[in-house]
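Chain by chain, the residues run as shown.
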Protein chains: 2
Amino acid sequence: MNTTHSACLAALQQRFGEQFSQGQSQREQHCHTTTWIKPQLPDAVVFARSTEDVQDLVKICAAHQCPIVPFGVGSSLEGQLNAPYGGISVDLSGMDQILEVHQADLAVTLQPGVTREALNHYLRDTGLFFPIDPGANASLGGMVATRASGTNAVRYGTIRENVLSLKVVTADGQLIRTSSRAKKSAAGYDLTHLMIGSEGTLGIITEITLKLHGIPEQITAGQCTFDSVTSACQAVAQVIQLGLPLARMELLDALQVKACNQYSGLNLPEMPLLLLEFHGSGTAVAEQVEMFSQIAMDHGGNAPVFAKSTEERNQLWKARHDAYWASRALRPGCQAHTTDACVPISRLAECVTQTQEDLEASGLIAPIVGHVGDGNFHALLLVDEQNPDELARAKAAVSRIAKRAIEMGGTCTGEHGVGQGKRDYLDLEHGAGVGLMQAIKRALDPNNLFNPGKL
Amino acid sequence: MNTTHSACLAALQQRFGEQFSQGQSQREQHCHTTTWIKPQLPDAVVFARSTEDVQDLVKICAAHQCPIVPFGVGSSLEGQLNAPYGGISVDLSGMDQILEVHQADLAVTLQPGVTREALNHYLRDTGLFFPIDPGANASLGGMVATRASGTNAVRYGTIRENVLSLKVVTADGQLIRTSSRAKKSAAGYDLTHLMIGSEGTLGIITEITLKLHGIPEQITAGQCTFDSVTSACQAVAQVIQLGLPLARMELLDALQVKACNQYSGLNLPEMPLLLLEFHGSGTAVAEQVEMFSQIAMDHGGNAPVFAKSTEERNQLWKARHDAYWASRALRPGCQAHTTDACVPISRLAECVTQTQEDLEASGLIAPIVGHVGDGNFHALLLVDEQNPDELARAKAAVSRIAKRAIEMGGTCTGEHGVGQGKRDYLDLEHGAGVGLMQAIKRALDPNNLFNPGKL
């Protein structure tokens, strides 16, 4: 325990009683990182149940200069939940109420601990759904904080395009609303987008109003094999350039398909594969399917195969969602080093191809999976950390992948965020812009209370 | 002339030579406000031709604590260009180069002085277009700075959803890039969205990378009459709720139609009217037209009438774009007081109806026109400012309209920005959020150099 925070802990214990824990296992659970990044434990965990809880917590911590690290469900990948300076992990998973469905406005207001699966389950009888789907059953607060996206972003945008308004507790314990529920606004600085992706470093999100979408009349899922990741990516680029509004276009390389087959008991062809989903009216989907098939075949792809039932479709996406764990099962006992390159679509094929060649030449085992419709893909390096040579090769490859994306006009992180894992690349990517970010941080959180040491 | 800035003016004269002007007519032209807001002249105008010009200007002005007001084409409506503390108007209209069309990425990089019409003219052979269309032939820098939208936002989003990256000169004269060209990113604070809508108060935009869209296979425009604005708005709300991706849905009340007929020599039926545009493949447009027609008739609308040629379609939208000047021609010599309410779509019919009743009861002449698909509409109050009683009634009505929108969960400004005209409503709309905005302003522009007295 960080003894400098002991007075703060005592005050929190008094205010929060059973919602406060200093137990070792709770502290460990609240900084598990799912990746190679080493855990750094908070001094205590507070389980918030209300906005008032969060405001009180912030005021107490502010008075004692004690750091606060927000926690949703713990599915982040870049060490966002670690507490390098100790302090309090504030667990928001208990703030899981859906406050109001604005059916006629295609919107919903909810607390940050609601998970995306819980939201869609709640909406099941409304004809509406929330499309952003990062794979993990993340909390919506966490998704907003890391600017998450996932498999549906091609058609529906990322979380950035789907938040109407936030309520946020600021560093002085005030509650602010970032904007109205109107669909657009030109009134003042865009606080909503400033908070999205700020990874808990500017404020704590306590309420979220999200856009919803009508469930499409028809949903058709399918798969399409190619002889190389290059040709698969070239086909994807053409789909985007022609403006085909596919909902999902996911690339899996042959190794990733093999991992999914083993983990999820499937029989997908073990070659470069696109998983697809088409949304729209019956005629619109038929048009999209026809155009996609033509494009795929023009790039040497095989004829797409379509799921015959909702069950088959769900099985396909379940396998895609489990890709992370499927990959890890390829080398039990090894650590996962993730990459998150995102480049302009015209550079995608080149970037994925070079990355695959680079990983092979480095002798690393690293399945590739990607939201390629957005130019975004992940290589998951499975690394035996007991082998210093392999670890060094892996770190060098991760660094090259981030730099390659930036050099191609892209970003080192399309959706996972910066956290601790990608901090080294911010200067390279943003140059003098980092100075502006630091100025904003100092202005809104002068005592560096919120999630210090991240982003 | 503000004598405290004389040393600055001398330094600028020396650096900029013929690009510098203290002439009365130039100073007047650079703060004309198109509305009731009284002009406040800058001390001088600098015509920037390059990013280096802007950086040098900022450094000289910063050294002398002299305000800078960015100028595009002068089409803003809320006094954004006024210079209440004197200083320099920096005219960016000469920075009008299109730097690169990223054809395969559906994007373009350009300077801020390019107008939206010039951009689309340049793109005419590429199969791509830029959809955001605020009516006026605004500069793209100005559109980004005010977070503009316009008639196509229903389908394509506002400028907020269509900027990939900006280059911005900051208060210390540094040039920063807000993000990469990748379609999505989770790397650091969202400086792009912070700059969009900041109305020249945080930095000067010197380069813009925009998303482009493929020109749809089919474009069909039409019009549909209703017996009241209420039923027209109810039909619009249902279109949105069903997720029909119409490109344009514009409301004109009977008085606005009359104004357009007179000004543009048309014969539109002088009753509440929706102007419509459908984009997509042939079959998609046919589907949309059929569904729209059914919805319109369910709400007592008449069967839509469609434009028979591209010329007829262009004539219709030209008339819509000229609606502002058409309205002003209804009462020559009077001033225009604009409103810009934007509410959740479920409250639109109620808000427009109450506004129309309010204006009638106040004895004011005020055509209504609106981007109703976004819940956004304008009443243009035509006011004889020599009549103090009428002026007082107009100001009271404008205030009620702004407050009504905020009370209905909306905003006082959907797209025109805050400028000087809407500053009074920011506290009401944002509450404690205004404190955050002020902190950001102080952090990024500590000497209040950029467009002081706005937003």
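Predicted model only: the values in this text are computed from it and were never measured. (Residues numbered from 1 in each chain as written. Chains lettered and ligands numbered in written order. Predicted model: local features only at pLDDT ≥ 70, side-chain atom pairs only at ≥ 80, totals over all residues. Heavy atoms only, no water.)

## Side note on the environment of L12 of chain B
Residue and element names in this part refer to chain B. Counted only if it meets this: Secondary structure elements follow DSSP: runs of H or I no shorter than four residues count as helices, runs of E no shorter than two count as strands, and numbering proceeds from the N terminus. Here a residue-residue contact requires only that any non-hydrogen atoms of the pair lie within 4.5 Å.
Note that L12 resides in helix α1 (residues 6-16). Remark: the alpha-carbon pair of L12 and L92, spanning 80 residues in sequence, is separated by 16 Å. What L12 contacts, discounting residues up to four positions off in sequence, is G17, F20, L57, I60, C61 and I88.

## Comments concerning the interface of chain B and chain A
We apply this condition: Accessible area that two parts lose when put together, evaluated with a 1.4 Å probe and summed over both, is termed the buried area. When a carboxyl oxygen of Asp or Glu lies within 4 Å of a side-chain nitrogen of Lys or Arg, that pair is called a salt bridge. N or O atoms closer than or at 3.5 Å make up a polar contact, with two conditions inside protein: a donor-capable atom paired with an acceptor-capable one, and, for residues adjacent in sequence, both atoms drawn from side chains.
Contacts between chain B and chain A engage 74 residues on the former and 74 residues on the latter. Between chain B and chain A lies a buried interface of about 6,100 Å² when both sides are counted; carbon and sulfur atoms form 59% of it. Taken as a group, K184, A186 and Y189 of chain B account for 16% of the area that chain B buries against chain A, more than any other trio of residues on that side. At the surface where chain B touches chain A, the tally comes to six salt bridges. The partner of D374 of chain B in a salt bridge is K183 of chain A, and the shortest N-O contact between them spans 3.2 Å. The tally of links from chain B across to chain A stands at 38 residue pairs in polar contact (both at pLDDT 80 or more).

## Describing the pattern of salt bridges
Put simply, the rule reads: Only protein chains enter the accessibility calculation, which uses a 1.4 Å probe. A residue is then buried if its area is under 20% of the maximum for its type, exposed if over 50%, and partly exposed in between.
Per the counting criterion, the structure on display carries 44 salt bridges over all chains. Between D53 of chain A and R15 of chain A there is a salt bridge, and its shortest N-O distance comes to 2.9 Å. Of this pair, D53 of chain A sits in helix α3 (residues 51-64) while R15 of chain A sits in helix α1 (residues 6-16); the two residues are 38 residues apart in sequence, bridging distant segments of the chain. Of the residues examined, R15 of chain A reaches a relative accessible area of 31% and is grouped as partly exposed. Here D358 of chain B ties to R404 of chain B by a salt bridge, and the two come within 2.8 Å at their closest N and O atoms. Note that D358 of chain B is positioned in helix α13 (residues 348-361) and R404 of chain B in helix α14 (residues 388-407), a separation of 46 residues in sequence. We note that D358 of chain B, like R404 of chain B, is buried. Three or more residues are tied together by salt bridges with common partners; here these are R116, E117, D133, R248, E277 and R313 of chain A.

## Considerations on the sheet that holds strand β2 (residues 44-47) of chain A
Residue and element names in this part refer to chain A. Quick note on the threshold: We treat two strands as partners when DSSP finds at least two bridges between them.
Strand order in the open sheet made by the four strands is β1-β2-β4-β3, with mixed pairing throughout. Lying at the two open borders of the sheet, with one neighbouring strand each, are β1 (20-21) and β3 (68-71). Looking at chain direction, β3 and strand β4 (residues 88-91) are connected through four bridges and run parallel. Its bridge partner lying in β4, I68 is registered against I88.

## Structural notes on the packing of helix α8 (residues 229-241) of chain B against helix α10 (residues 282-298) of chain B
Residue and element names in this part refer to chain B. Threshold: Note on geometry: axes are lines fitted to C-alpha atoms, helical ones only across the stretch in contact, with angles between N-to-C directions running from 0 to 180 degrees. Oblique is the label for any angle not covered by the other classes, which are roughly parallel (under 35 degrees), roughly antiparallel (over 145) and roughly perpendicular (65 to 115). Whether a crossing is left-handed or right-handed is set by the direction in which the near helix is turned from the far one by less than a right angle, anticlockwise for left-handed and clockwise for right-handed. Residue polarity follows a fixed list, in which Ala, Val, Leu, Ile, Met, Phe, Trp, Tyr, Cys and Pro are nonpolar, Asp, Glu, Lys and Arg are charged, and the others, Gly among them, are polar.
Between α8 and α10, the shortest axis-to-axis distance is 9 Å and the interhelical angle comes to 140 degrees. By the angle class used here, α8 and α10 are oblique. Read as a crossing pair, α8 and α10 show a hand that is right-handed. Of the residues in α10, those touching α8 at A235, Q238 and V239 are F292, I295 and A296. Of the residues belonging to the contact of α8 with α10, the class tally is five nonpolar, one polar and no charged.

Everything listed here is a matter of geometry and, on its own, says nothing about what the molecule does.
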